[in-house]
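Chain by chain, the residues:
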Amino acid sequence: YPLCALAVSDERPVSTQSTWVAQKKESICCNSMKILQLLSEEINGVDKNTDTLHLTQAKRQHLKKSLEAEFQDLFKLCIMVLGHDACSDKKLLEQTLTTFSRFVQWMPMGYIFETQLLQLLTLKFYPSQFQPNALECLTEVVAIDISDEPQCDEWGKRSRRSL
């Protein structure tokens, strides 16, 4: 069933096309999440399958800028999957959480601390069968050094209030 309908031009980057197509069917969404996870790992040099990096530094930077420019659509898709109460596809939910854990390293801080992400991770997924996946995301979040961020104190207060 369609999870959502966003109009996206065919001239958009692959990440946006994947986001649009993924919203049409859960199996496609799961595959798109896996692709996005692998892209994020490749960008950050976290390729766990080989010891060599496949992208040159220039290509890695270009891909990172492209994903960052399209991050709002990627984030919306992930939150849509995680926040959708009718989604019962275990593989899709696990893959989305794993993909999110790879995004945390480079996602803008506002997406972590100014959205429902932390609530979903701690209240919906941590006390469930998805605890290991949620814990992986939360571990990545607490590893972020936000001490230099001007909103650090406000984010901390807001996170404590919401949880």
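### Let's talk about the packing of aromatic side chains
Here comes step 1: Tallying each qualifying case throughout the model produces nine aromatic pairs.
Here comes step 2: Between Phe71 and Tyr111, the aromatic rings sit 4.9 Å apart at their centres with planes inclined by 80 degrees, giving edge-to-face as the arrangement. Of the two residues, Phe71 is situated in helix α4 (residues 71–83) and Tyr111 in helix α6 (residues 109–113); the sequence distance between them amounts to 40 residues.
Here comes step 3: For Tyr111, a relative accessible area of 21% gives the class partly exposed.
Here comes step 4: Pairing Phe103 with Trp106 gives two aromatic rings, centres 5.3 Å apart and planes at 65 degrees, and the pair type is edge-to-face.

### Examining the nonpolar core
Note on soluble globular proteins: their nonpolar side chains tend to be buried together.
Here comes step 1: Judged by nonpolar contacts, the single largest core of 39 residues is most densely connected at Val81, Phe100, Phe103, Met107, Ile112, Leu117 and Phe125.
Here comes step 2: It is α4 that provides the largest number of residues to this core, a total of nine residues.
Here comes step 3: Here Ile112 is in contact with Val104, Met107, Leu117, Leu118, Val141 and Ile144, once residues within four sequence places are set aside.

### Brief notes about the pattern of salt bridges
Here comes step 1: Across all of its chains, the model carries four salt bridges by this definition.
Here comes step 2: Glu41 is paired through a salt bridge with Arg102; the nearest N and O atoms lie 2.7 Å apart. Pair noted here: Glu41 is in helix α2 (residues 26–43) and Arg102 is in helix α5 (residues 90–103), with a separation of 61 residues, a long-range link. There is no split in this pair, since Glu41 and Arg102 are both buried.
Here comes step 3: When the shortest N-O distance is used, the salt bridge between Arg102 and Glu136 registers 2.8 Å. Highlighted residues: Arg102 in helix α5 and Glu136 in helix α8 (residues 131–142), separated in sequence by 34 residues.
Here comes step 4: On the accessibility criterion, Glu136 (28% relative accessible area) is partly exposed.
Here comes step 5: By sharing partners, the salt bridges in this structure join Glu41, Arg102 and Glu136 into a single network.

### Section: the confidence of the model for the chain
Here comes step 1: Looking at the chain as a whole, its pLDDT mean stands at 78, while 72% of the residues score no less than 70.
Here comes step 2: Counting interchain partners and residues more than four positions distant, the pLDDT-below-50 stretch residues 1–12 has 27 contacts.
Here comes step 3: Between residues 48–52, whose pLDDT stays under 50, and residues either more than four places distant or in other chains, the model counts two contacts.

### Section: the packing of α2 against α4
Here comes step 1: Packing of α2 against α4 brings their axes to within 12 Å, and their N-to-C directions diverge by 130 degrees. Classified by the interaxial angle, the pair formed by α2 and α4 is oblique. Read as a crossing pair, α2 and α4 show a hand that is left-handed. Contacts between α2 and α4 involve Cys29, Met33 and Leu36 from the first element and Leu74, Leu77, Cys78 and Val81 from the second.
Here comes step 2: Among the residues making up the contact of α2 with α4, the classes are represented as seven nonpolar, no polar and no charged.

Cut-off values and rules
Residues numbered from 1 in each chain as written. Predicted model: local features only at pLDDT ≥ 70, side-chain atom pairs only at ≥ 80, totals over all residues. Heavy atoms only, no water. Phe/Tyr/Trp six-rings, centres within 6.5 Å; stacked < 30°, edge-to-face > 60°. Helix = DSSP H or I, 4+ residues; strand = E, 2+ residues; numbered from the N terminus. Buried < 20%, exposed > 50% of the residue type's maximum accessible area, 1.4 Å probe, protein only. Core = buried A, V, L, I, M, F, W, Y, C linked by side-chain atoms within 4.5 Å. Contact = heavy atoms within 4.5 Å. Salt bridge = Lys/Arg side-chain N within 4 Å of Asp/Glu carboxyl O. pLDDT = per-residue confidence, 0-100. Axes fitted to C-alpha atoms, helices over the stretch in contact; angles between N-to-C directions. Parallel < 35°, antiparallel > 145°, perpendicular 65-115°, else oblique. Left-handed = near helix turned anticlockwise from the far one by under 90°. Nonpolar A, V, L, I, M, F, W, Y, C, P; charged D, E, K, R; others polar.

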